2 protein chains.
Amino acid sequence: MARSNRIFALFFALVFLFTSFAVTRADEGMWIFGNPPLKQLKEKYNFEPSQAWLDHARLAACRLNNGGSGSFVSADGLVLTNHHVARSLLAKLSTEKRDLLKTGFYARTRAEELKCQDLEINVLYSLEDVTAQIQAAAQKAPDAKGAETLRKSEAARIEKESTDRTGLKSTVIGLYEGGEYWLYRFKKYTDIRMVFAPEAQAAEFGGDYDNFSYPRYALDFAFLRVYENDKPVKLEHYYKWSAKGAAEKELVFVVGNPGSTDRLRTVAQLEYQRDHGNLMQLKSLLRRRDALLEYSKTSAEAARRASDTISSINNSLKRLQGQQEGLQSQKLMQQKIREEQDLRGKVAANPEWQKLYGSSWDEMAALFPAYTPMAKRQFYSNLNASRLGQIALQIVQYGAEVTKPNADRLAAYRDSNLESFKFALLSPAPIYGDFEEAVLTARLEEILAELGPADPFVQACLNGKTPSEVAHSAISQTKLSDVAFRKSLIEGGKAAVEASTDPLIVIARRIDPISRDLTKWIQDNFEGQQTAAGEKIARARFAAYGRSIAPDANFSIRLSYGVVKGYELNTTLVPYKTTFAGLFDRAESFDHREPFNVAPQILARRAKIDQTVPMDFVYTPDTIGGNSGSPVINRNGEVVGVNFDSNVHRFVSRYTYTEETGRAIAVHSSAIIETLRKIYDAGPLADEIQGK
Amino acid sequence: MARSNRIFALFFALVFLFTSFAVTRADEGMWIFGNPPLKQLKEKYNFEPSQAWLDHARLAACRLNNGGSGSFVSADGLVLTNHHVARSLLAKLSTEKRDLLKTGFYARTRAEELKCQDLEINVLYSLEDVTAQIQAAAQKAPDAKGAETLRKSEAARIEKESTDRTGLKSTVIGLYEGGEYWLYRFKKYTDIRMVFAPEAQAAEFGGDYDNFSYPRYALDFAFLRVYENDKPVKLEHYYKWSAKGAAEKELVFVVGNPGSTDRLRTVAQLEYQRDHGNLMQLKSLLRRRDALLEYSKTSAEAARRASDTISSINNSLKRLQGQQEGLQSQKLMQQKIREEQDLRGKVAANPEWQKLYGSSWDEMAALFPAYTPMAKRQFYSNLNASRLGQIALQIVQYGAEVTKPNADRLAAYRDSNLESFKFALLSPAPIYGDFEEAVLTARLEEILAELGPADPFVQACLNGKTPSEVAHSAISQTKLSDVAFRKSLIEGGKAAVEASTDPLIVIARRIDPISRDLTKWIQDNFEGQQTAAGEKIARARFAAYGRSIAPDANFSIRLSYGVVKGYELNTTLVPYKTTFAGLFDRAESFDHREPFNVAPQILARRAKIDQTVPMDFVYTPDTIGGNSGSPVINRNGEVVGVNFDSNVHRFVSRYTYTEETGRAIAVHSSAIIETLRKIYDAGPLADEIQGK
């Protein structure tokens, strides 16, 4: 049997006539600008970007702190991003009578541009390797727990010193599981205005079904504008618009902020994710979504209020399930085991390395038995699902933290983060009581079910009452929806918080010590040890492979490269691009049934549209969630598209890069121009980005 | 781990929002008209077809003996089938200067209709259960080998008696692995003329890549006309054309001739296929295709001559590989083991059944160790890959067989088959010497490699020379390309064959006894025993489940039922139909690169076509190769499409029915009308089928 299977596998490989795409080296890696993939670009694509090219690429890109990426596309601060990144902004700007998700939005004049309530945009102005300083500080500690404390305080010191000196938002970020530390200095913008968004139906054609699918027919783009001092910023660095857009086989780059990958994790860490971490998240998201679906049934307005959150949860669920399927597959785990064995083998073969790093993997694995039950308690010991519940705890924690020395505070309350923290906390975006009550009730029911009635966090929350009683009473009586009230508590400091009788603040005061205890336990018994083992493994990896492997993603700016390219699937070819004709085909194929109905304004202009214009396209550069809204640029640094998704074959991106069928998906730059000019009568906007 | 996997599986099942299609009972089964699925149709679809409905459905359908199906669609003998079924006919009607595959064909008048050289069409006029007679005859034998001989002679007797009495072509067919025997009486047509075919590029858009794929944009249809006495036949039974064509969720039927399934086979039989049978076929087809590809490189004309065969081999390869993947999957084999265990369990629980049938599965399994090496010898001991090699052996065998009593002959030479045999043997279709030499050389090299130089068949073929020497000498000197020469040998009988010095006849005379010995060994040591065990298992199955399971397919007419329905794939939905807009999208998506270029005549009429017209569609009724060209009809017996393919998820159809994602694919009836009227200026043909 084994023999015939092998023979068959051989036949199978020989059989298909398909053009096989030349694969010389995988286009893997989300690279930091401090270590760009110059060697790979030279060897594989004969491209040698100058430092000026790299600096420009970095400075024309930006991070949207609601979890997405964007790019500057005019000298006047115009930002290109995804509709689904702007979705929560549009939702917050909408009311029962003005539903911008339904109608789309176009500000024909600057005066009509709508101010977003709580979006912060960051541009990475400069970066600096501070690994030596952080690691030197940590070495003074007697143990892993102490080292972690020293690393944090050194990072806080470096950040503060930088902010004081430059005025820029300064953050120390860790890379390679603690193998490197970099100081990133950001220019920060907080006056962001909505310029253009198509109807949600145009951006999300195919809805949850087509999310993560390809071929795809989504116009998932939007334009914002960055203001300073009530005027559009004047920018030196912005991307020019490509005249033709993405072409097949073309070298392209994605510049954005990929959220999180776990590719350098050990097998033990991945097994924890597979057997505990992912399952908790899945279960919790499902419960939350089901509660929102129930709430949505109560009225059309309730459905509108919940739609953005439901859409976001569905997105997370699909990705998380795909990740979990990957972890549960033999293929992925075997690959991870092989990779680990390879590195451990190299370490074992070198006595010095073996002495320094040899025990790290076992040390890592040994952490999880004790961590697992505490991680579960921590996962459930918060009310973040409810915006008001989250605000209450943040206010209580803020009151306590700001009185401490900077280096001793919880990370969110360090000086370098305080401005952004307050900006988010004091957002005037509407908070709906009925929505909050539904969400808080569901959360309280969940923690009761998961942690049991005897758990201290559960007791602190419920105080002898039922989840619905607590949620109804707290949400109906709290004043935290009022921004001025929140501001008064922040300004009043610890004393004001301690004196408050607001029912949510009262609950938060009971919760806070429990939350702190859990955080402390995890810091003392897990985080420091995990960093110590991770750092040793990172050093082993540097020793064995150099810096030829990119660090894991952490929602900081990265450069990915590769080509515009289709793929083979189920014995046929999937094309590199789609066209407007395909949109009408797919809609018609479902007899225009939702969510496969063409958005009204597009349908109305059907005859005007050139059906051969490219709509979406796929490419190999490495991406993951957080890259939404990233510019896709060509060798000349021109925008050829805006990244908005990846296909299902990339669900495993968190753990590995798949070049065979995994692809990222963008809206083609030509589709944006065609749409602005022929559907939405937004010629002036098209002129602005095309520099006309 | 096991526990968390189960929990996860539960989540996974709960998670997706997708509309789940109501599944009450699978639409499985290719039913004979002697046992139509009346109960299932009534229960699931509340449809009760009358006997007249069933008779009409059967009499308006036909079998094309080159391996496809068709239907009558006008009173004047017009036959609807697939372009790919008509492909070999079009190839034979083509010359270097008139390439009907490239240009398509339309006979504007009856006089222009081109006579096909060797196509026979059969219509099943009547059918009769003769199980009791056949089984009674077999019971007179002392052992399995003798019983097989008696079954065959009784079948031959029944066939001859029927032909003598009715004048109809009469064949006894076995069903349920020997559980039933039916006498089928066919009306036979041999004057078939080509009426219409689009360009091959329109019929095969996407080429080998899109073969077995969906969504699909293929106009895979053609029209033939049946003549008798040089006039179009006048038909009482033909299908009317549906005004609207297939609609989503509509109940539809496929009436056609599915080639071959192995769903009722035992696990031991399937293991033989998986470990030996399929692998031999795959390896041989690959070798043959590679030889043809080499030959194709020699000139454009060589490429034209080989293209039809290559296309057919590629089709077989893709299907065979899919079947093999299915057999190698845990899922399928586990299902087969469960099914077998269920039946064996029911048998074991009933002492009488156990006594009668209990040993059958072990008896079946015991046959394969001895059979396997002999099956390999038989598989390689023929020259059928070469048309001339095949003709030579057929002539030699004919000479010997027709002198024997009818019941003693090899099946192909029984009286009931002789007319069809001669019609095929004496086809005037062109045979190309260089093509034959290439194919024969490859075949001789293959048998030498597989059987070794000491094998008697190899020695009989090569006689001490090399494969290329033998092939060159035999093909360059044989006169078998000449139909008159073939006819003279047939008419001259055994004496003429024995006297012939034609080099291929000489080789065939040396081969014939070896081939007979192998056939005899297999008849005596395998076939009878397999039938005996199979018959017992069939009886056990009838006893346990009644006739609620359809028999395996055997290229005789069947009725399948189900609905027009899309499916879920990779978390999104695949629509039930495609449109002309999708054709242009897919072509444009590949920048019109072959094989994704739109056929010239369609491209020229792009603006004239209604892009919203349905092109292809999918549905659940059970089909397999041989169903190509089958009509898809609605409750009213009207044509709503013509079946031409199934998707990759049906590769396992040979072994099991898959309702979840497996679908058959048809050209929509509206696409045929749109195409005839707006692209090919064939309005009169459209009028004829629409009854205008």
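**Quick look at the overall build of chain A**
Next up, step 1: The secondary structure content of chain A amounts to 26 helices and 20 strands.
Next up, step 2: Since a compact globule built from 692 residues should have a radius of gyration of about 26 Å, the 26 Å found for chain A is in line with a globular shape.
Next up, step 3: Taken along the three principal axes of its C-alpha coordinates, chain A extends 70 × 65 × 60 Å.
Next up, step 4: Looking at chain A as a whole, 59% of its 692 residues qualify as buried.
Next up, step 5: For chain A, restricting intrachain contacts to residue pairs at least 6 apart in sequence, the fraction spanning at least 24 positions comes to 78%.
Next up, step 6: Total accessible area computed for chain A in this model is approximately 26600 Å², and 52% of it derives from carbon and sulfur atoms.

**Some points on the pattern of salt bridges**
For side chains bearing opposite charge, pairing can occur when the charged atoms are close.
Residue and element names in this part refer to chain A.
Next up, step 1: Under the criterion given, the structure shown has 125 salt bridges over all chains.
Next up, step 2: Two residues, Arg87 and Glu204, come together in a salt bridge whose shortest N-O distance is 2.6 Å. Separated by 117 residues along the polypeptide, Arg87 in helix α4 (residues 83-93) and Glu204 in the loop between α8 (200-203) and α9 (207-210) bring together distant segments of the chain.
Next up, step 3: The exposure class assigned to Glu204 is partly exposed, which follows from its relative accessible area of 22%.
Next up, step 4: Between Asp262 and Arg265 there is a salt bridge, with the nearest N and O atoms lying 3.6 Å from each other.
Next up, step 5: The class of Asp262 is buried, set by a relative accessible area of 4%.
Next up, step 6: The class for Arg265 is partly exposed, based on a relative accessible area of 25%.
Next up, step 7: One continuous salt-bridge network, built from bridges that share partners, spans Asp76, Arg110, Glu113, Arg225, Lys234 and Glu688.

**Let's talk about the environment of Phe580(A)**
Residue and element names in this part refer to chain A.
Next up, step 1: Locating Phe580 in the fold gives a position in helix α23 (residues 580-589).
Next up, step 2: Classification of Phe580 by relative accessible area gives buried; the value is 0%.
Next up, step 3: Considered as a pair, Phe580 and Arg265 are 315 residues apart in the sequence and their alpha carbons are 42 Å apart.
Next up, step 4: Leave out the neighbours within four places in its chain, and Phe580 touches Leu219, Ile609, Asp610, Gln611, Val613, Pro614, Met615, Ala671, Glu674 and Thr675.

**Quick word on the domain arrangement of chain A**
All names here are of chain A.
Next up, step 1: Considered domain by domain, chain A is made up of domain 1 (2-120 + 190-263 + 551-690) and domain 2 (123-188).
Next up, step 2: A separation of 32 Å is found between the C-alpha centroids of domain 1 and domain 2.
Next up, step 3: Between domain 1 and domain 2, the contact holds 20 residues from the first and 17 residues from the second.
Next up, step 4: A combined buried area of about 1400 Å² lies between domain 1 and domain 2, and 58% of that area is made up of carbon and sulfur atoms.
Next up, step 5: When residues of domain 1 are sorted by the area they lose upon contact with domain 2, Ile32, Arg58 and Pro551 head the list and together hold 29% of the total.
Next up, step 6: Between Lys187 and Glu228 there is a salt bridge whose closest N-O contact spans 2.9 Å.
Next up, step 7: The tally of links between domain 1 and domain 2 comes to five residue pairs in polar contact (both at pLDDT 80 or more).
Next up, step 8: At the level of elements, α3 (51-59) and β1 (61-64) are the ones that each hand at least two residues to the side of domain 1 that touches domain 2.
Next up, step 9: When residues in the side of domain 1 that touches domain 2 are grouped by element, the largest group, three residues, is from β1.
Next up, step 10: By residue class, the composition of the side of domain 1 that touches domain 2 is eight nonpolar, six polar and six charged.

**What to know about the confidence of the model for chain A**
All names here are of chain A.
Next up, step 1: Taken over all residues, the pLDDT of chain A has a mean of 93, while the share at 70 or more is 96%.
Next up, step 2: Across residues 1-25, confidence stays below pLDDT 50; counting only partners more than four residues off in sequence or on other chains, it has 48 contacts.
Next up, step 3: Scored as a whole, the predicted complex attains pTM 0.86, and scored at its interfaces, ipTM 0.83.

**Concerning unusual backbone geometry**
Next up, step 1: For the bond from Tyr214(A) to Pro215(A), the omega torsion is 0 degrees, close enough to zero to count as cis.
Next up, step 2: By the secondary structure assignment, Pro215(A) is in the loop between α9 and β10 (222-228).
Next up, step 3: For Asn229(A), which is not a glycine, the phi torsion comes out positive at approximately 55 degrees.
Next up, step 4: Tracing the sequence through the fold places Asn229(A) in the loop between β10 and β11 (231-232).
Next up, step 5: For Asn229(A), a relative accessible area of 74% puts it in the exposed group.
Next up, step 6: Here Thr571(B), not a glycine, exhibits a phi torsion of approximately 75 degrees, which is positive.
Next up, step 7: Mapped onto the elements of the fold, Thr571(B) is located in the loop between β15 (567-569) and β16 (572-574).

**So, the pairing of strand β7 (residues 169-175) of chain B**
Residues and elements named next belong to chain B.
Next up, step 1: Along β7, six of the seven residues are buried, which leaves the element largely enclosed by surrounding structure.
Next up, step 2: Across seven bridges, the pairing between β7 and strand β8 (residues 180-189) is antiparallel. Paired with Lys169 across the two strands is Phe186, which belongs to β8.
Next up, step 3: Here β7 folds back onto β8, and the loop between the two strands holds four residues, one of which, Tyr176, carries a positive phi near 50 degrees.

**Here's the deal with the environment of Val254(B)**
All names here are of chain B.
Next up, step 1: Tracing the backbone shows Val254 in strand β13 (residues 251-256).
Next up, step 2: For the pair formed by Val254 and Lys318, sequence separation is 64 residues and the distance between their alpha carbons is 23 Å.
Next up, step 3: Sequence-distant contacts of Val254, that is, excluding residues within four places in its chain, are made with Arg558, Leu559, Ser560, Tyr619, Pro621, Thr623, Asn627, Ser630, Pro631 and Val632.

**A word on helix α15 (residues 368-380) of chain B**
All names here are of chain B.
Next up, step 1: Along its 13 residues, α15 runs 18 Å from first to last C-alpha, staying within 8% of the 18 Å computed at 1.5 Å per residue.
Next up, step 2: What α15 keeps buried is the set Phe368, Tyr371, Thr372, Met374, Ala375 and Tyr380.
Next up, step 3: Looking at the buried positions of α15, the neighbouring elements they touch are α10 (267-296), α14 (360-366), α18 (433-451), α19 (456-462) and α22 (503-545).

**Description of the packing of α15(B) against α18(B)**
All names here are of chain B.
Next up, step 1: Running from N to C, α15 and α18 point in directions that differ by 165 degrees, and their axes come no closer than 10 Å. With respect to each other, α15 and α18 are oriented roughly antiparallel. The handedness of the crossing between α15 and α18 is left-handed. Residue-level contacts link Lys376, Arg377, Phe379 and Tyr380 of α15 to Arg443, Glu446, Ile447, Glu450 and Leu451 of α18.
Next up, step 2: Within the contact of α15 with α18, the residues separate by chemical class into four nonpolar, no polar and five charged.

**Looking at the sheet that holds strand β20 (residues 664-668) of chain A**
All names here are of chain A.
Next up, step 1: Spatially, seven strands are ordered β13-β12-β18-β19-β20-β17-β16 in an open sheet, and the strand pairing comes out antiparallel. Across the chains shown, the open sheet's two edge strands, defined by having one partner strand only, are β13 (558-563) and β16 (577-579). Taken pair by pair, the neighbouring strands of this sheet meet at an average axis angle of 30 degrees, ignoring direction.
Next up, step 2: Against the sheet, helix α2 (residues 38-45) engages β12 (251-256) and β13, with an angle of about 10 degrees to β13.

**Observations concerning the packing of helix α20 (residues 467-477) of chain B against α22(B)**
All names here are of chain B.
Next up, step 1: At a minimum axis separation of 7 Å, α20 and α22 run at an interaxial angle of 125 degrees. It follows from the interaxial angle that α20 and α22 lie oblique. Along the contact surface, α20 presents Val470, Ser473, Ala474, Ile475 and Gln477, while α22 presents Pro503, Leu504 and Ile507.
Next up, step 2: Considering only residue class, the contact of α20 with α22 consists of six nonpolar, two polar and no charged.

What counts, and where the lines are drawn
- Residues numbered from 1 in each chain as written.
- Chains lettered and ligands numbered in written order.
- Predicted model: local features only at pLDDT ≥ 70, side-chain atom pairs only at ≥ 80, totals over all residues.
- Heavy atoms only, no water.
- Helix = DSSP H or I, 4+ residues; strand = E, 2+ residues; numbered from the N terminus.
- Rg over C-alpha atoms; globule rule 2.2 N^0.38 Å.
- Buried < 20%, exposed > 50% of the residue type's maximum accessible area, 1.4 Å probe, protein only.
- Contact = heavy atoms within 4.5 Å.
- Areas by Shrake-Rupley, 256 points an atom, 1.4 Å probe, with all protein chains shown as cover.
- Salt bridge = Lys/Arg side-chain N within 4 Å of Asp/Glu carboxyl O.
- Domains from an automatic or database assignment.
- Buried area = accessible area lost by both parts, 1.4 Å probe.
- Polar contact = N/O pair within 3.5 Å; in protein donor to acceptor, adjacent residues only side chain to side chain.
- Nonpolar A, V, L, I, M, F, W, Y, C, P; charged D, E, K, R; others polar.
- pLDDT = per-residue confidence, 0-100.
- Pairing = 2+ DSSP bridges.
- Expected span 1.5 Å × (residues − 1).
- Axes fitted to C-alpha atoms, helices over the stretch in contact; angles between N-to-C directions.
- Parallel < 35°, antiparallel > 145°, perpendicular 65-115°, else oblique.
- Left-handed = near helix turned anticlockwise from the far one by under 90°.

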